[in-house]
Amino acid sequence: MVGQKTETQYEVLNPWAEVDPIELRGISPRVTGTLAGKKIGLFANFKRAARPILGQVEKRLKERFPGIETSLFDSRGNNVLETETENREKFESWAKGVDAVVGAVGD
């Protein structure tokens, strides 16, 4: 046994369950022209720095584009898609009501 090499074998398991495939779609198109007169959604995730970050983004957007309107969506769910929470309808309605969204992860 001295001097003999043994091979280690590993069994690799896939943690993903079988699921129905989700149809792929491209990213949303950019807002055309200027942001003046547009409604910009500000999406804050659950981390505590997200809201202050978006406060600064909102301030600078309004300085650069007078007349811009903003709308905050404050997500409180830890590490979960908003569409998978009880706020799904509220989130979808909010998203349909804005021209573009800026998201902040408060790390």
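Residues numbered from 1 in each chain as written. Predicted model: local features only at pLDDT ≥ 70, side-chain atom pairs only at ≥ 80, totals over all residues. Heavy atoms only, no water.

Draft legend 1. Structural context of the overall build of the protein. Along its length, the protein carries 2 helices and 3 strands. Order of helices (α) and strands (β) in the protein, N terminus to C terminus: β-α-β-α-β. Overall, the protein is about 80 × 35 × 30 Å in size when its C-alpha atoms are taken along their principal axes. For the protein, with 107 residues in total, the buried portion stands at 20%. In the protein, the share of contacts with a sequence separation of at least 24, taken over all contacts with a separation of at least 6, comes to 71%. A total accessible area of about 9500 Å² is found for the protein, and carbon and sulfur atoms account for 51% of it. For the protein, the distance from the average site of its 16 positive side-chain charges to the average site of its 16 negative ones is 11 Å. (Helix = DSSP H or I, 4+ residues; strand = E, 2+ residues; numbered from the N terminus. Buried < 20%, exposed > 50% of the residue type's maximum accessible area, 1.4 Å probe, protein only. Contact = heavy atoms within 4.5 Å. Areas by Shrake-Rupley, 256 points an atom, 1.4 Å probe, with all protein chains shown as cover. Lys, Arg positive; Asp, Glu negative; His and termini not counted. Charge placed at Lys NZ, Arg CZ, Asp CG, Glu CD.)

Draft legend 2. Geometry of the nonpolar core. Among the nonpolar cores identified, the biggest contains 9 residues, and these are Ile-40, Leu-42, Ala-44, Ala-50, Leu-54, Leu-61, Phe-65, Ile-68 and Ala-104. At the level of secondary structure, the elements contributing two or more residues to this core comprise strand E1 (39–44) and helix H1 (50–64). (Core = buried A, V, L, I, M, F, W, Y, C linked by side-chain atoms within 4.5 Å.)

Draft legend 3. Region of interest: H1. Taking 1.5 Å as the rise per residue, H1 with 15 residues should run 21 Å; its terminal C-alpha atoms sit 21 Å apart, in good agreement. Elements in contact with the buried residues of H1: E1, strand E2 (69–74) and strand E3 (100–104). (Expected span 1.5 Å × (residues − 1).)

Draft legend 4. Spatial organisation of the environment of Gln-4. In this fold, Gln-4 is placed in the segment before E1. Considered as a pair, Gln-4 and Phe-46 are 42 residues apart in the sequence and their alpha carbons are 55 Å apart.

Draft legend 5. Structural context of the side chain of Ser-71. Structurally, the position occupied by Ser-71 is in strand E2. Among residues more than four places away in sequence, those in contact with Ser-71 are Lys-39, Ile-40, Gly-41, Leu-42, Trp-94 and Val-98.

Draft legend 6. Inspection of the sheet that holds E2 at higher detail. An order of E2-E1-E3 is seen for the 3 strands of this open sheet, with the pairing classed as parallel. Each of the sheet's edge strands pairs with one partner strand only, and the pair in question is E2 and E3. Going across the sheet, the axis of each strand differs from the next one's by a mean of 25°, ignoring polarity. Here 5 bridges tie E1 to E3, and the two strands are oriented parallel to one another. Bridge pairing links Phe-43 to Gly-103 in E3. Lying over the sheet, H1 contacts E1, E2 and E3, oriented at roughly 165° with respect to E1. Sheet contacts for helix H2 (residues 88–96): E1, E2 and E3; angle to E2, the most-contacted strand, approximately 160°. (Pairing = 2+ DSSP bridges. Axes fitted to C-alpha atoms, helices over the stretch in contact; angles between N-to-C directions.)

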